[in-house]
Amino acid sequence: MGEEEGRPDMLNRDPNNLNNSLAASFEEVFGEPESSHSPDCAWKCGYKCYEGGRSCCYAFVTIISTWFMGLCWGCCYAMTPCCMVWGVTPSLKIVDICCACATRYVAILMDCCVAPLHGAMGECFSRIKVTNS
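Report follows, based on the coordinates. Since the structure is predicted, the reported quantities are computational estimates derived from the model, not experimental observations.

Topic: the overall build of the protein chain
Point 1. When its secondary structure is counted, the protein chain shows two helices and zero strands.
Point 2. For 133 residues, the compact-globule estimate of 2.2 N^0.38 gives 14 Å, and the protein chain exceeds it by more than 25% at 34 Å.
Point 3. Structurally, the protein chain occupies a C-alpha span of about 95 × 60 × 25 Å along its principal axes.
Point 4. The burial tally for the protein chain puts 4% of its 133 residues in the buried class.
Point 5. With the model as given, the accessible surface of the protein chain reaches about 12,100 Å², and the carbon-plus-sulfur share is 68%.
Point 6. In the protein chain, 9 side chains carry a positive charge and 14 a negative one; their mean positions are 12 Å apart.

Structure (structure tokens):
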């Protein structure tokens, strides 16, 4: 985004290289081995048809869909922080409060029931002597 104008950069439309994997030139898609060459006119015609079809189709699809997709993605990116602020974070706080209470209950039960049992078992097993022969 051009900071001065407040408009998108019309020359470098992918400054963060988000979509480098989408680049598909004719040479990256088609290749004929040395033993199987089509006539030069067919190869040039295929190149022009590929590039023309790709360019026209992309232009047509983007003209029809960019306004709608831009609106949809803008709404999604607006709703995400809204949901986080007003839905997810408050529910996590409730879970945190409830878990803190449950943690205290579990700690009390462990101290009352399990700790004495472990202590008694430790006393029983502490008298066992192991020797290597």
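Remarks on the environment of Ile63
Point 1. Residue placement: Ile63 occurs in helix 2 (residues 40-126).
Point 2. C-alpha separation for the pair Ile63 and Thr131, spaced 68 residues apart in sequence, amounts to 84 Å.

What counts, and at which threshold
Residues numbered from 1 in each chain as written. Predicted model: local features only at pLDDT ≥ 70, side-chain atom pairs only at ≥ 80, totals over all residues. Heavy atoms only, no water. Helix = DSSP H or I, 4+ residues; strand = E, 2+ residues; numbered from the N terminus. Rg over C-alpha atoms; globule rule 2.2 N^0.38 Å. Buried < 20%, exposed > 50% of the residue type's maximum accessible area, 1.4 Å probe, protein only. Areas by Shrake-Rupley, 256 points an atom, 1.4 Å probe, with all protein chains shown as cover. Lys, Arg positive; Asp, Glu negative; His and termini not counted. Charge placed at Lys NZ, Arg CZ, Asp CG, Glu CD.

Read these as spatial facts, not as claims about activity.
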